[in-house]
Amino acid sequence: MSVRIHAWGDLACFTRPEMSAERTSFDVITPSAARGVVEAIYWKPEIRWHIDRIHVLRPIRFTSIRRNEVGSKIPAGAVTAAMKSGRGRLGLNIEEDRQQRAALVLRDVGYVIEAHFRIVGGEANPAKHLDQFNRRARVGGCYARPFLGCREFLAEFALIEDGEPLPEVDPELQGTRDLGFLLHDIDFEDGMKPHFFHAVLHDGVLDVPRWPGRRDRP
């Protein structure tokens, strides 16, 4: 069962893991971020979404901005204690721990995300899930607002119906472009192990390889 979603936004940042001090975005949306967009529209524990193909619609352009970030993490123990008691301090002073950092982000982005899902539990009724996804996407419904890498970079989205033509790819993206290694996804069942693949853009289209290993992966 496949779907196609047109997602776009003013800014996006799909952070390269090797850039630890200042955020620097990959050239295009990662499959894991694309999966996040689809899951924000419709997610159920009995299905797994997999990204098949990404169409990059607009020229790849970067811009530099400065962002306020928090330099440390909330201790897990403080969160657990607060949840149990219903109150308590989280051990983080946002005013004192705020840091301003530069970020190299994408601007004016647009993508078509082609994805499918597989049933991994519960009732084997893919048509039900597909119908619910389509109904939600048609009216802009979502469990959480989709974003493009960072939560402040919100994504607009629209369903592309069966038989509806895809938005045109900018002529600048015609030809072949080597994007180097791109993050595929994070394996949360294997110690949050990241998986990368060699990404090549052909006329604005990125084919996403199968996930290695697990049978419930694409």
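All figures in this text were calculated on a predicted structure; none of them were measured in a lab.

Conventions and cut-offs
- Here the residue numbering is sequential within each chain, running from 1 through the sequence in written order.
- Local features are withheld for residues below a pLDDT of 70 in this predicted model, meaning they are given only at 70 or higher, and side-chain atom pairs are given and counted only at 80 or more; totals for whole chains, interfaces and linings count all residues.
- The side-chain figures draw on all heavy atoms in the structure; neither hydrogens nor water molecules are used.
- A carboxyl oxygen of Asp or Glu within 4 Å of a side-chain nitrogen of Lys or Arg is what we treat as a salt bridge.
- Partly exposed residues are those whose accessible area sits between 20% and 50% of the maximum for their type, while under 20% is buried and over 50% is exposed, using a 1.4 Å probe and protein chains only.
- Elements are defined by DSSP. Helices are runs of H or I of four residues or more, strands are runs of E of two residues or more, and each kind is numbered from the N terminus.
- Note on terminology: disulfide denotes any pair of cysteine sulfur atoms within 2.5 Å.
- Helix span is expected to be 1.5 Å times the residue number reduced by one.
- Regarding the arc, it is the one traced by the directions from the helix axis to the C-beta atoms.
- Working definition: rings of Phe, Tyr and Trp (its six-membered ring) pair if their centres are within 6.5 Å, and the pair is stacked with planes under 30 degrees apart, edge-to-face with planes over 60 apart, and tilted otherwise.

Trainee: What should I look at first to understand the pattern of salt bridges in this one?
Mentor: Working definition: two side chains of opposite charge can pair if their charged atoms are close together. A complete count under the given rule lists twelve salt bridges for this structure. Between Glu-123 and Lys-128 there is a salt bridge; the shortest N-O distance is 3.7 Å. With a relative accessible area of 31%, Lys-128 lands in the partly exposed category. The salt bridge involving Glu-161 is made with Arg-138; its shortest N-O contact spans 2.6 Å. Separated by 23 residues along the polypeptide, Glu-161 in the loop between β8 (156–159) and β9 (176–187) and Arg-138 in helix α4 (residues 126–138) bring together distant segments of the chain. By relative accessible area, which is 29% here, Glu-161 ends up partly exposed.

Trainee: Please explain the state of the cysteines as it appears in this structure.
Mentor: Simply put, disulfide is the name for a covalent bond between the sulfur atoms of two cysteines. Applying the stated criterion across every chain yields a total of zero disulfides. Free of any disulfide, Cys-150 has its nearest neighbouring cysteine sulfur in Cys-13, separated by 4.5 Å.

Trainee: Got a minute to help me understand α4 in this structure?
Mentor: Since one α-helical turn is 3.6 residues long, residues separated by three or four positions face the same way. The first and last C-alpha atoms of α4 sit 18 Å apart over 13 residues, in line with the 18 Å expected at 1.5 Å per residue. What α4 keeps buried is the set His-129, Leu-130, Phe-133, Asn-134 and Ala-137. Seen end-on, α4 carries its buried residues on one side only, within an arc spanning 130 degrees. Note on α4: the residue one or two positions beyond its end, Gly-140, has a positive phi of about 75 degrees.

Trainee: Sorry, what's going on with helix α1 (residues 31–41) here?
Mentor: Of all the eleven residues making up α1, nine are buried; the element is thus mostly covered by neighbouring parts of the structure. Residues of α1 that are buried include every one of Pro-31, Ser-32, Ala-33, Ala-34, Arg-35, Val-37, Val-38, Ala-40 and Ile-41, and no others.

Trainee: I'm lost on the packing of aromatic side chains in this one. Help?
Mentor: Two descriptors summarise a pair of aromatic rings, namely the distance from one centre to the other and the angle between the planes of the rings. This model, assessed by the stated rule, comprises four aromatic pairs. Both rings, one in Trp-49 and one in Phe-117, keep their centres 5.2 Å apart while their planes meet at 70 degrees; by these two values the pair is edge-to-face. One end of the pair, Trp-49, is in strand β3 (residues 47–56); the other, Phe-117, is in strand β5 (residues 98–119), with 68 residues separating them in the sequence. Owing to a relative accessible area of 3%, Trp-49 belongs among the buried residues under this scheme. With a centroid separation of 5.2 Å and an interplanar angle of 50 degrees, the aromatic rings of Trp-49 and Phe-133 are classed as tilted. Of this pair, Trp-49 sits in strand β3 while Phe-133 sits in helix α4, and the two are 84 residues apart along the sequence. Given the relative accessible area of 0%, Phe-133 is considered buried. An aromatic cluster of three or more residues is present, and its members are Trp-49, Phe-117 and Phe-133.

On their own, these measurements won't tell you what the molecule is for.
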